[in-house]
Amino acid sequence: MIAVFKREFQSLFTGPIAYFVWALMFFFAGLFFYSYNILGGLTTLTGVFDILYTISLMLVVPILTMRAFSEERRNRTDQALLTAPVSLTGIVMGKYLAMLLVFALGMAITLVLTVVIAMFGATPAWASILGNYLGLLLLGGNLIAAGMFFSTLTESQFISALLTFAFSFILLMFDSFASLFSNATWLVTAIEFLSVNTRYQAFAAGTISYGNVIYFLSMQALFLFLSVRVLDSRKWQ
Amino acid sequence: MALEEKDLHELPVDETAESTDTAEPAKKERKPLKLPSIKFKRDSRRLRVGAAATVFTVVVIAAIFLLNVIVGIVEDRWPIAIDTTENQIYTLSDQATAYAKSVDKDVEIVVCADEATLSAPNTGMTEFNNMYLQLHAALDSFRSLSGGKISVKYIDLNEQPLEAATYTEMGATAGSVVIVCGENSRVLSLVEDFTNYSMEEVYMYSYYGQAVAVNSTVESALVTGINAVSGEKLAGVTVLTGHTPDTNAISALSEMLTKRGYAVEQVDITTMKEFSADSQLMVIPAPSEDYSEAEIKRIREWVENNNTYGHHLMVVKNPVGKTPNLDTYVQDTFGIQITGDIVYETNYNYIYSGNQSPIYSYADVAATDYAKAARVLAPINVHLKTVGTSQTITPLYTFPDTAMLYNLAEAEAKNEGEDYEPVKGAASDYPLVGAALSSIYTSNGNTHGIVLGSNSFLQAAVSLDENEELTVGVINAVLGSEDVIIELEDKVLSSADTLAVKSAGTALVVFVIFVILVPVGTLVACLLVFLKRRHL
């Protein structure tokens, strides 16, 4: 798994993907920091985390995960990978952790911005910022695992990105569906239970509950498991 | 998959092959062609493995779903979370925790909204979203800490009209929080009673570019509300309307007292309505016109209470009001003379910076049992003299030696004050008294008189904690409510602190670094790596 992790991490930086993803995150974080904090005078990074939440869902993760397995299939290098002396779980986890690390490092810009706030004489609320960071990291992990799963389903990077984008869009709009089915209480309850937005907002608001952490980790485990299953089924074809 | 010999059936016979046998070949028998069953065996195994994988997948999905359902149920029962906020807004304070555990009557808290309004708020403003989340967490905590004495339910008034009928009769509307204990009930408003500023006020301030500190009063509102319906009943307060009182002062005072559990009634003295039997404090809120002799007599009788006393009076002076009858009554009964002079401050440090007028000044509060040492804002304050000898008179706040006196009547007489200069008071007048508490002790009972020389003092209490603390502290002491009322500290949801960016140049540097250089630098790094790989 470590070998796969190192290889994948390296390949993300020998290609344009990691740089492009980071440039996106840095640009939007910087822009909103300038707008909300420098011009607006806010001492919290609420605006920055809000935009990172949105662009993570819509842009960053689809781009990051689109070539996870799609490219391997297209280039026919997946056979070598699948027959390597590494378990399928190890392969999936190695790739997943590499992408998660790239995502986490991209988000580290928020920690730099917090230091800038401190340099201007304000006292940053570190605990709250770290709570936001953790929430966004868990959410990102969710989406990366889902993106990887979609990547295993197709050899087209474009379709993989599109599927991930669609999934993220549905997640973003999920809470709105509850208002459409207000008469069906059970459905509303189910939607609220599954809502990623609600659970992430709890982190953003300042609470870290074990229920939300377990939810995110279990969803990551689910998509990683499904990815392994898809790869395993390909072995039998 | 290797072919096993036993799996092979007879292969088709090749009739064109030459026989190598030298003996006379036997006649070859044609046997029917049979296809190998490898594919069938392979398909069968694949089917088994595929089915097992599918079942396994479904089981794992179900297990993950079940795990989350169980965790959700456990979390409802034990809502443990790490509070990462600076002011621990989601963690119940020790006082509130102790109070919740001490509740010994059945109290029902009904939120007239669906639970998602509080658990997944979307007000559009971070502070109010956090307040709703805090309220949701506080209600859960109160429920679990009270050992079942406090129950919480959520009712959507539109979706559940039958169930909501009981509460709408109590005065609840959408967004109300109703606290019920037996026959007693109290209705709070989500939009007004749980923060020091409403959403509209915060929006208005931000529209004008002014940052305000939004504080949450969730704990104190809940504790006060539960206490009001289940605890010892507080004294009633009667506010006399009529004679053109200061409605802003009435509104400010009513809000201060109501949120602490007092029942405040308004009675028009001119229509001679009855006062509530529970009332122990009467407030005369800065009338512009004088009271009649009959009305003064009625007030006197109420205060004396058939010589048993126990009724108290609070008089708030309107600096431009002409109330000789009322002023005489206050002086005769409570020994406090209401002069015609306004306090005029000459010390810049005591003048309110928001107005820069010498008659908008601060006064000092000395530490007492009911108030801590503080500085309060007392704009346009009438000078009071303590002249009584049979009463115990305590100044509530005073002005320093730098303050002078400005007589309004004399100023009006001299061409609207243009040629009138303030004068120094007599040495015995200093420090100048702006408000005082007069206590009359008799063998039959005690009575207290609070005289405030400034109606604007109460209006300032809306935004100044010190003004509010002094007002409420004195009233609690007069009514003997200090041990009954539980005061909890507000929690800051958003501070008024702003990031001090010293200059436009600094802002530009930040913009260039974080919006241009860092992202572009990242892309340049990508290009460099690409070029380097091309040359390898």
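Anyway, here's the lowdown on the structure attached to this text. No experiment lies behind these values; they were computed from the predicted model shown.

Some remarks on the overall build of chain B
No. 1: When helices and strands are counted, chain B shows 14 helices and 19 strands.
No. 2: Counting the 536 residues in chain B, one finds 44% classified as buried.
No. 3: Taking the contacts inside chain B whose residues are at least 6 apart along the sequence as the reference set, 71% of them involve residues at least 24 apart.
No. 4: If you sum the accessible surface of chain B, you get close to 29000 Å²; carbon and sulfur atoms cover 53% of it.

Topic: the sheet that holds strand E5 (residues 184-189) of chain B
All names here are of chain B.
No. 1: The strand order across the open sheet formed by 4 strands is E3-E2-E4-E5, and the pairing between neighbours is mixed. With partners counted over all chains shown, the strands left at the sheet margins are strand E3 (150-154) and E5, one partner each. Sheet twist, expressed as the average angle between the axes of neighbouring strands with direction ignored, equals 15 degrees.
No. 2: Across 6 bridges, strand E4 (residues 176-181) lies against E5 in antiparallel orientation. Across the sheet, isoleucine 179 pairs through a bridge with arginine 186, a residue of E5.

Some remarks on the packing of aromatic side chains
No. 1: Applying the stated criterion across every chain yields a total of 22 aromatic pairs over all chains.
No. 2: Both rings, one in tyrosine 329 of chain B and one in phenylalanine 334 of chain B, keep their centres 6.4 Å apart while their planes meet at 85 degrees; by these two values the pair is edge-to-face. Each of the two residues, tyrosine 329 of chain B as well as phenylalanine 334 of chain B, counts as buried.
No. 3: Through a chain of ring-to-ring contacts, three or more aromatic side chains come together here, namely Phe5, Phe9, Phe13, Tyr19, Trp22 and Phe26 of chain A.
No. 4: The aromatic ring of phenylalanine 69 of chain A is capped on one face by lysine 95 of chain A, whose charged end is 5.1 Å from the ring centroid.

Digging into the pairing of strand E9 (residues 279-285) of chain B
Residue and element names in this part refer to chain B.
No. 1: Where burial is concerned, most of E9 is hidden: 6 out of the 7 residues are buried.
No. 2: Note that strand E7 (residues 236-241) and E9 share 4 bridges and pair parallel. Note that in E9 the partner of valine 237 across the bridge is leucine 281.
No. 3: Where E9 meets strand E10 (residues 312-316), 5 bridges bridge the pair, whose relative direction is parallel. Its bridge partner being in E10, proline 285 is matched across the sheet by valine 316.

Basis of the calculations
- Residues numbered from 1 in each chain as written.
- Chains lettered and ligands numbered in written order.
- Predicted model: local features only at pLDDT ≥ 70, side-chain atom pairs only at ≥ 80, totals over all residues.
- Heavy atoms only, no water.
- Helix = DSSP H or I, 4+ residues; strand = E, 2+ residues; numbered from the N terminus.
- Buried < 20%, exposed > 50% of the residue type's maximum accessible area, 1.4 Å probe, protein only.
- Contact = heavy atoms within 4.5 Å.
- Areas by Shrake-Rupley, 256 points an atom, 1.4 Å probe, with all protein chains shown as cover.
- Pairing = 2+ DSSP bridges.
- Axes fitted to C-alpha atoms, helices over the stretch in contact; angles between N-to-C directions.
- Phe/Tyr/Trp six-rings, centres within 6.5 Å; stacked < 30°, edge-to-face > 60°.
- Lys NZ or Arg CZ within 6 Å of the ring centre and 35° of its normal.

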